[in-house]
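Fold and geometry: a report
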Amino acid sequence: MGNCNGDSSVTTDELLAMLRLALRGAPPEGCDVSHPQAVDVAEILIAVNHAVAGCPGAPTLPDLVPLGVYPSAFVEPPLLPPWNAVCVANHGGQASGPFHAAIHWDFAYQAPQDQLLAFESIAAAGQRCLNSSGFNYGGVELVVDSQDEVAERDETNNRLTGYVPIP
Ligand SMILES: [Ca+2]
Ligand SMILES: [Ca+2]
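Just so it is clear, the structure is predicted and the values come from calculations on it, not from any experiment.

**Some remarks on the overall build of the chain**
What the chain contains, in helices and strands, is two helices and seven strands. The N-to-C order of helical and strand elements in the chain reads α-α-β-β-β-β-β-β-β. Within the chain, buried positions represent 23% of all 167 residues. Restricting the contact set of the chain to residue pairs at least 6 apart, pairs at least 24 apart contribute 64%.

**Some thoughts on the nonpolar core**
Core analysis: the biggest nonpolar cluster contains 17 residues, and Val-86, Val-88, Ala-101, Ile-103, Leu-142 and Val-144 have the highest contact counts within it. Contributing elements (two or more residues each) for this core: strand E1 (64-71), strand E2 (84-90), strand E3 (99-106) and strand E6 (138-144). The dominant element in this core, judged by the number of residues it contributes, is E3, at four residues.

**A closer look at the sheet that holds strand E5 (residues 127-131)**
Taken together, the three strands give an open sheet; going across it, the order is E1-E2-E5, and neighbouring strands pair in antiparallel fashion. If you trace the sheet from one side to the other, it starts and ends with E1 and E5, each paired once. Across the sheet, the axes of successive neighbouring strands diverge by a mean angle of 20 degrees, strand direction being ignored. Where E1 and E2 come together, seven bridges link them in antiparallel fashion. Note that in E2 the partner of Pro-66 across the bridge is Val-88.

**Digging into unusual backbone geometry**
Between Glu-76 and the following residue, Pro-77, the backbone shows a cis peptide bond with an omega angle of -5 degrees. Among the structural elements, Pro-77 can be located in the loop between E1 and E2. Here the amide bond leading from Leu-80 into Pro-81 is cis, since omega sits at -5 degrees, within 30 degrees of zero. The residue Pro-81 is located in the loop between E1 and E2 in this model. Positive phi, normally seen in glycine, also occurs at Asp-145, with a value near 50 degrees. Here Asp-145 lies in the loop between E6 and strand E7 (159-164).

**Looking at the sheet that holds strand E4 (residues 113-119)**
Ordered in space as E4-E3-E6-E7, the four strands form an open sheet in which the pairing is antiparallel. In the strand order of this sheet, the two ends are held by E4 and E7, each with one partner. Taking each pair of neighbouring strands and ignoring which way they run, the sheet shows an average axis angle of 20 degrees. As judged from the seven bridges shared by E3 and E4, these two strands associate in the antiparallel manner. What sits directly across from Ala-101, in E4, is Leu-117.

The rules behind each value
- Residues numbered from 1 in each chain as written.
- Chains lettered and ligands numbered in written order.
- Predicted model: local features only at pLDDT ≥ 70, side-chain atom pairs only at ≥ 80, totals over all residues.
- Helix = DSSP H or I, 4+ residues; strand = E, 2+ residues; numbered from the N terminus.
- Buried ≥ 20, exposed ≤ 12 C-beta atoms within 10 Å, placed from the backbone.
- Contact = placed C-beta atoms within 7 Å.
- Core = buried A, V, L, I, M, F, W, Y, C linked by C-beta atoms within 7 Å.
- Pairing = 2+ DSSP bridges.
- Axes fitted to C-alpha atoms, helices over the stretch in contact; angles between N-to-C directions.

Below, the structure written as structure tokens:
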């Protein structure tokens, strides 16, 4: 809707062409209009929404989301050695490319500890678990793409806090 040249995006020019069509009833250049009389305000609003949000089916950015930190024996398939599995999903429409995830441990029994894990690319709608180095339990904060290497659809959902229990 409103996308005249098939490039999966709606430009201002295409919106203006729709407005002209609505006002004059004449199809704009470059548009294959199958219902020349039928452009109305509702259709223009849909086109405006597409211009703002992107057309349905258009390629979207990756979106990394932290799933959790678990004892490695609890993920499927289990990771060895039995340390902590750090699991991340990509809810976006494109592979993420490589990125880093930062883990901050808040222990009751020793000084806090920070770890940085290097992830390989995660496919669109995929997920991946990496083994951390060493087994820890306690409060944990996981931040995916902590070094801002991936442009994401949503940059606000990259942080998760949790607690890894003593197994
Ligand atoms: Ca994200
Ligand atoms: Ca990012």
